[in-house]
Amino acid sequence: MAKHPSIDSYVDDKIAKDEFEKSLDDGLVYIGHKLMVPNKGDYFVLPSYKGRYALVNTGESYLMLSNVCSHRQALLLEGKGNVKSINCRLHCWGFELNGKLKLTPLFKEPVKNADLESFELKEWNGLLFKTRLPDFDLESLGLSEYINFEGYEFAGSSIEQYSFNWKVFMEIYLENYHVFSMHPGLKKYVTAADLEWKTGEDYSVQKVGLGKSIQTGNTESYTLWQQEIIKHFEPNLPRYGAIWSLIYPNIMIEHYPNIIAISTVHPLGARQCLNQVEFYYPSQLYKEKPQYFEAMQKAYAETAVEDNDACMLLQKGREALHSRGDEKYGPIEDFLEKGVEEFYKFLAK
Ligand code: FES
Ligand SMILES: [Fe+2]
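How each quantity is defined
Residues numbered from 1 in each chain as written. Chains lettered and ligands numbered in written order. Predicted model: local features only at pLDDT ≥ 70, side-chain atom pairs only at ≥ 80, totals over all residues. Helix = DSSP H or I, 4+ residues; strand = E, 2+ residues; numbered from the N terminus. Rg over C-alpha atoms; globule rule 2.2 N^0.38 Å. Buried ≥ 20, exposed ≤ 12 C-beta atoms within 10 Å, placed from the backbone. Contact = placed C-beta atoms within 7 Å. Pairing = 2+ DSSP bridges. Axes fitted to C-alpha atoms, helices over the stretch in contact; angles between N-to-C directions. Left-handed = near helix turned anticlockwise from the far one by under 90°. Nonpolar A, V, L, I, M, F, W, Y, C, P; charged D, E, K, R; others polar.

**Student:** What's the story with the overall build of the protein in this structure? I'm lost.
**Tutor:** Secondary structure summary: the protein contains eight helices and 18 strands in total. In terms of C-alpha radius of gyration, the protein reaches 22 Å, essentially the compact-globule figure of 20 Å for 349 residues. Taken over the C-alpha atoms alone, the protein extends approximately 70 × 55 × 35 Å along its principal axes. Within the protein, the fraction of its 349 residues that count as buried is 40%. Within the protein, contacts between residues separated by at least 24 positions form 63% of all contacts whose residues are at least 6 apart in sequence.

**Student:** Honestly, unusual backbone geometry in this entry has me stumped. Any pointers?
**Tutor:** Note the cis peptide between E234 and P235, where omega equals 5 degrees. With omega at 5 degrees, the peptide bond leading from Y248 into P249 counts as cis. Tracing the backbone through its elements, the reader meets P249 in the loop between β15 (240–247) and β16 (251–256). Its identity is not glycine, yet C92 carries a phi of approximately 65 degrees, on the positive side. Its 12 C-beta neighbours within 10 Å are what place C92 among the exposed residues. A positive phi angle, close to 50 degrees, is found at N113, a residue other than glycine. By secondary structure assignment, the location of N113 is in the loop between β8 (101–103) and β9 (118–120).

**Student:** Explanation requested: the sheet that holds β16 in the structure shown.
**Tutor:** Strand pairs in the sheet, formed through backbone hydrogen bonds, run parallel or antiparallel to each other. Spatially, β12-β18-β17-β16-β15-β14-β13 is the arrangement adopted by the seven strands of the open sheet, whose pairing is antiparallel. Two strands lie at the open edges of the sheet, namely β12 (152–162) and β13 (190–199), each paired on one side alone. Neighbouring strand axes in the sheet, compared pairwise and without regard to direction, differ in orientation by 15 degrees on average.

**Student:** Would you take a moment to explain the packing of helix α5 (residues 220–233) against helix α7 (residues 290–323) for this structure?
**Tutor:** Helix-helix packing is described using two parameters, namely the angle between the two axes and the distance between the axes. Two elements in contact, α5 and α7, have axes separated by 8 Å at closest approach and are oriented at 145 degrees. The hand of the α5/α7 crossing is left-handed. For the pair α5 and α7, the contacting residues are S221, Y222, L224, W225, E228 and H232 in the first and Q291, Y292, A295, M296, K298, A299 and E302 in the second. Here the residues of the contact of α5 with α7 are counted per class, giving seven nonpolar, three polar and three charged.

**Student:** Would you mind going over the environment of E278 with me for this structure?
**Tutor:** In this structure, E278 sits in strand β18 (residues 273–282). By C-beta crowding, E278 is classed as partly exposed, having 19 other C-beta atoms within 10 Å. Aside from chain neighbours lying at most four places away, what touches E278 is H33, F154, S157, A261 and I262.

**Student:** What is the right way to read helix α2 (residues 166–173) from this model?
**Tutor:** An α-helical segment advances 3.6 residues per turn. Residues three or four places apart therefore align on the same side. Extensive coverage of α2 is indicated by the burial of eight of its eight residues. Listed as buried for α2 are W166, K167, V168, F169, M170, E171, I172 and Y173.

**Student:** Looking at this structure, I do not really get the pairing of β16. What am I missing?
**Tutor:** Note on strand geometry: in a regular strand, side chains alternate between the two faces of the sheet. Burial of β16 is extensive: six of the six residues sit out of reach of the surface. What you see with β16 is no split at all: I251, I253 and H255 on one side and M252, E254 and Y256 on the other are buried throughout. Both β15 and β16 contribute to a ladder of five bridges, which runs antiparallel. Bridging from a neighbouring strand, L246 pairs with M252 of β16. Bridge analysis of β16 against strand β17 (residues 259–267) gives six bridges, and the strand direction is antiparallel.

The analysis is restricted to geometry; functional conclusions fall outside its scope.
Structure (structure tokens):
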């Protein structure tokens, strides 16, 4: 059985910080998808880095570029947009898209060593990584038709802040056991026990079958979403209602019929985390049937609220143990909770 993370790691900032840094050394660092910055000059300031870096398409490469001016450290870019060059509003220093300093008005001497720090990103299926690429062969895992961004566009992203440890989010994401009790809508949309697992050094994947009778839903938002699916696919309904993959430590690629979501959860100390969710839709269908995507968003949001509830139960339980200095762990159900076991193995490495 895998070693459970220590109870301290859920409440102690120092332990949590070391643990996350270590998990990034062994795992992957996802920065963004190239569809977020499809054209030369496009930029997207990275909220998960609190604006410290921006994703930039230079026309030749995708960079994670420092977003702080090398003169007096003013913030350079905000939000997202397109620029020909990066210009500081404060004293008008100018940088090329690759961060090279080119303008320093009124400075008499040329300024040296003041280019913006940059990291050239590596691409895997459009996802851009900082250190290395995942060992995650979509073809052999039967995922290439699902995690496929061809004809897709970046439809937007949202950020949610939570009051629990980042690992709790992963623990809930990686098991289907709680679906029966915590998700009235989702549990009818999928067949939680119709589950296929694939696991590897860098990833785990759960493919979950579509519900058996989705004509009616258990909640209003799932009823609407299920009706959109039926209208779109009938008589050939999709095999899977959801495919939930994780690239360690914190990169979730989710597939729902005609939708891909990428979310990354980032710790903000031991007891808080932030989740950034990016949505990718097929451009043509998005134009023709916006209601399909609106329906999915509502169902997704309903499930996210329930997951927050589930996560808070885990966090509070561990806080309670911690307050008494207790270390307690329970058994893991090896089918429904397989992903949790694999995640603990990754963390223990
Ligand atoms: S702070 Fe940017 S030019 Fe001075
Ligand atoms: Fe859940």
